[in-house]
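Architecture and fold: a report
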Amino acid sequence: MVKYESTRNRKEIVSAHEAVIHGLAGDGGLYTPEKIEGHIDPKEILNCSYQETAARIIGTMLDDYSAEEIRGCVEGAYDQKFDTKEIVPLRKISDGWLMELWHGPTSAFKDVALTILPRLLTAAYKKENRDDKIAILTATSGDTGKAALSGFADVPHTAITVFYPEIGVSPIQKRQMQTSRGKNVEVIAVKGNFDDCQRMVKQAMSDPEVQASLQGVTLSSANSINIGRLVPQIVYYYSSYAKLVNDKVIACGDKVNFVVPTGNFGDILAGYMAECLGLPVGRLICASNTNNVLTDFLKTGVYSIKRPFHTTMSPSMDILISSNLERLLFMMSGNDDVMVKQMMTKLKEEGSYAVPSSLKEKIAEKFCGYWTSEEDCAAVIHDLFQQEHVLIDPHTAVALHAMKQYQKETQDSTPCVVLSTASPYKFGHDVLKAALQEDIADDFAAMERLQEASEMTIPAGLAELKQLPVRFERSIEIQDGMHVIAERMKEISHDHD
C-alpha cells in the first residue's frame, strides 16, 4: 500500500485517504508518496477510455480506496460536465500538439482534478464514519478558485472558502468566482497577490486562533498541496501519450516531451510522477512568464523570491512561491526531509535557498525552464491565429513560446505536447488584442468578437456569466486573514447540512 510522508518529517506517515482529508501535513509539509512502486505500461491503456485510464492510475496511487470507490468517483467526475467525450482532446498544430485541458465546467485545466477531488474527499469521509465538517480553504491565482467552488458546491459535510488577489485575476475569472452558486461557498478578495493568499491558507493550518475556532470542523485544501488534486493530473499525460501511439505518431515506448505553463509546479510535477509510474517521458519543459523564479532555479539551483512581482496577462502563473517544488526536492533527494525542511525554513526567513550541486544536476536531467515576455506571449497568440486559425490563451502561448525556445536551442526532434491550460475566452480582452489587434475593453464584448472571428464556440459556463447575479464582493487586508478565517470556521461549525 502506498504510504504518504510529510516532506518535512518522514515520521509523519498517513494513508492515501488521510492525506486527501488533511491536505497539508501538520508540520507544514506536503504529503508525498514514500515511493511509487506501481507500474503502468502505456500498452495497457491504449484501448481504454479516459475514465478507464483514470480509474487505473488513481486507483494505483490512492490504493487504500476500493476499486468500487475509485470507479464511483471517476464516473461521477468525468461525465457530461465536460463538453467532449474525450475529456482531454489532443490537437495537432504545425510544431507539435496541444493537450486541451479546458473542456470542463469552468474552462480551465483545474476542472480535471477538481471535479473528482470532492468525490475522493466524500469517499474518505465515509471510510472513517465521520460526523464533522470538512472546511476547504483555497488560494487561487485565477482558475483553481472557480473550479474548486464548482466542484464543492453543495457537497454534503463540506464548506469551501476561496481567497483570490483583488488585482491580478482576469475580469472573467473574477466574475466566475463572484457569481458562484452553492450554500456552502464563500469567496473573499485579498489586497495582495497570490503568494499572500497561499501563505494565509498554509498559515491557517497551524494558527492558534484558527485552530481554537475548529469546533467539529476539519481543515483541508483544494490547492495542489493536496495530493488528491495532484494525482488525477497524472492521467492526462497517459491519455495524451496513448493518443499519439494510436495515431501512429510514435511507437509505444518512444519518449515524448511535455511543455507545461506552471506557477505552482503541480501540473509539471504530475508529469514527473507519470514517468515514475512508467510513462516514457523525455524532457519536462517548465514554461514561465516574467515571474521567472522557476526558470532561474532550474538554471542556477538557487530559488529566490527576492525579486519584483509582475502582474501579467497569464495570471495563473503570477506566483513566486511554487509549493509543489518542495515535493520534487523531496522525491529527487531520496526523501531527505531534513534538507527540505531546512530549505523551506530558509525560504521563509531569508527569501531564498540553494540546492546541492548533485541535486541540481539530477533535476536538470529531466527538467529545463524557459520564460516569455508579454510581447512574445502576444506575438505567439497572434501568429498561431493568423497562420493556423487556432485560438489559444496566454498561458498556452507562454508554453508554446517555451517549446520554440527549447527546440531552437537543442534541435531536439522528439514529439512535443504543450499543455493548453485554459480557454482563450477566459482572457478575451488580451487574446483579442493579440490575435486581431483590436482593443475592446469589455470582456463579454471581446468574447463575442473572438467568436465571430474564430467560429470557436464560447463555453456555456462563460456565456452565461453576464446574466448571473454577483454574490461575493468582500475584500480584506492581508493582516486580517487569520481572524477572518477563524470567524468563517465558527460560522461553518454552526451551520447544518
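Data block above holds the structure.
About the criteria used
- Residues numbered from 1 in each chain as written.
- Predicted model: local features only at pLDDT ≥ 70, side-chain atom pairs only at ≥ 80, totals over all residues.
- Heavy atoms only, no water.
- Salt bridge = Lys/Arg side-chain N within 4 Å of Asp/Glu carboxyl O.
- Helix = DSSP H or I, 4+ residues; strand = E, 2+ residues; numbered from the N terminus.
- Buried < 20%, exposed > 50% of the residue type's maximum accessible area, 1.4 Å probe, protein only.
- Expected span 1.5 Å × (residues − 1).
- Pairing = 2+ DSSP bridges.
- Contact = heavy atoms within 4.5 Å.
- Axes fitted to C-alpha atoms, helices over the stretch in contact; angles between N-to-C directions.
- Core = buried A, V, L, I, M, F, W, Y, C linked by side-chain atoms within 4.5 Å.
- Polar contact = N/O pair within 3.5 Å; in protein donor to acceptor, adjacent residues only side chain to side chain.
- Parallel < 35°, antiparallel > 145°, perpendicular 65-115°, else oblique.
- Nonpolar A, V, L, I, M, F, W, Y, C, P; charged D, E, K, R; others polar.
- Phe/Tyr/Trp six-rings, centres within 6.5 Å; stacked < 30°, edge-to-face > 60°.
- Lys NZ or Arg CZ within 6 Å of the ring centre and 35° of its normal.

A few words on the pattern of salt bridges. Two side chains bearing opposite charge may form a pair once their charged atoms approach each other closely. Within the structure shown, the criterion is met by 23 salt bridges. Measuring nitrogen to oxygen at the nearest pair gives 3.2 Å for the salt bridge that ties glutamate 487 to lysine 490. One end of the pair is glutamate 487 and the other is lysine 490, both in helix α21 (residues 481-494) and 3 residues apart, which spans about a single turn. Given a relative accessible area of 35%, glutamate 487 falls into the partly exposed group. On the basis of relative accessible area, lysine 490 is assigned to the partly exposed category, the value being 39%. Connected via shared salt-bridge partners are Glu128, Arg130 and Asp132.

Once that is clear, we can look at the environment of cysteine 48. Within the secondary structure layout, cysteine 48 lies in the loop between β3 (31-33) and α2 (50-61). Each C-alpha atom of the pair cysteine 48 and arginine 474 lies 45 Å from the other, and the pair is 426 residues apart in sequence.

Below, the discussion takes up α21. Between its first and last C-alpha atoms α21 spans 20 Å; for 14 residues at 1.5 Å apiece the expected length is 20 Å, and the two agree. Those residues of α21 not exposed but buried are Gly481, Met482, Val484, Ile485, Ala486, Arg488, Met489 and Ile492.

Moving on: the sheet that holds strand β7 (residues 158-165). With parallel pairing, 5 strands are arranged side by side in an open sheet as β9-β6-β7-β8-β16. Sheet topology places β9 (217-221) and β16 (475-476) at the edges, where each strand pairs with a single neighbour. The pairing of strand β6 (residues 133-139) with β7 spans 6 bridges and is parallel. Within the sheet, the bridge partner assigned to isoleucine 136 lies in β7 and is isoleucine 160.

Below, the discussion takes up the side chain of asparagine 292. Structurally, asparagine 292 can be placed in the loop between β11 (281-288) and α12 (293-300). For asparagine 292, a relative accessible area of 12% puts it in the buried group. Other than its neighbours up to four places away in sequence, asparagine 292 contacts Arg307 and Trp371.

As a further point, take the pairing of strand β4 (residues 90-93). Alignment of β4 against strand β5 (residues 96-100), held across 4 bridges, turns out to be antiparallel. Considered in β5, the bridge of lysine 92 is made with tryptophan 97. Between β4 and β5, which pair antiparallel in sequence order, lie 2 residues.

Before going further, it helps to examine the sheet that holds strand β2 (residues 9-14). Taken in spatial order, the 3 strands make up an open sheet running β2-β1-β3, and their pairing is antiparallel. The sheet terminates laterally at β2 and β3, the two strands that pair on one side only. Across the sheet, the mean angle from the axis of one strand to that of its neighbour is 45°, orientation sign disregarded. Bridging between strand β1 (residues 4-6) and β3 involves 3 bridges; their strand directions are antiparallel. What sits directly across from tyrosine 4, in β3, is proline 33.

A separate point is the nonpolar core. Counting 110 residues, the largest nonpolar core has Tyr4, Tyr78, Tyr236, Phe258, Leu329, Tyr353 and Phe367 as its most contacted members. Setting aside its immediate chain neighbours within four residues, tyrosine 236 contacts Tyr50, Val88, Met99, Leu101, Phe109, Val112, Asp267 and Leu419.

Mapped onto the fold, tryptophan 102 is located in the loop between β5 and α4 (110-114). By relative accessible area, which is 8% here, tryptophan 102 ends up buried. Note: C-alpha distance between tryptophan 102 and glutamate 448 (346 residues apart in sequence) is 19 Å. Among the polar contacts made by the side chain of tryptophan 102, one reaches the side chain of serine 420 at a distance of 3.2 Å.

The axes of two packed helices give the description: the angle between them and the distance between them. Viewed as axis vectors pointing N to C, helix α13 (residues 325-332) and helix α15 (residues 357-364) meet at an angle of 105°, and their least axial separation amounts to 10 Å. Of the possible angle classes, the one that applies to α13 and α15 is roughly perpendicular. Where α13 abuts α15, its residues Leu328, Leu329 and Met332 lie against Leu359, Lys362 and Ile363. Residue composition of the contact of α13 with α15, grouped by class: 5 nonpolar, no polar and 1 charged.

Counting across every chain of the model gives 10 aromatic pairs. Centre to centre, the rings of tyrosine 237 and phenylalanine 258 are 4.9 Å apart; their planes meet at 70°, and the pair counts as edge-to-face. Residue tyrosine 237 is found in helix α10 (residues 227-246), and its partner phenylalanine 258 is found in strand β10 (residues 256-261); the two are separated by 21 residues along the sequence. Neither tyrosine 237 nor phenylalanine 258 differs from the other in exposure class; each is buried. Taken together, the ring pairs connect Tyr50, Tyr78 and Phe82 into an aromatic cluster. A cation sits over an aromatic face here: lysine 92 above tryptophan 97, 4.6 Å from the ring centre. The ring of tyrosine 65 carries lysine 127 above its face, with NZ or CZ at 5.4 Å from the centroid.

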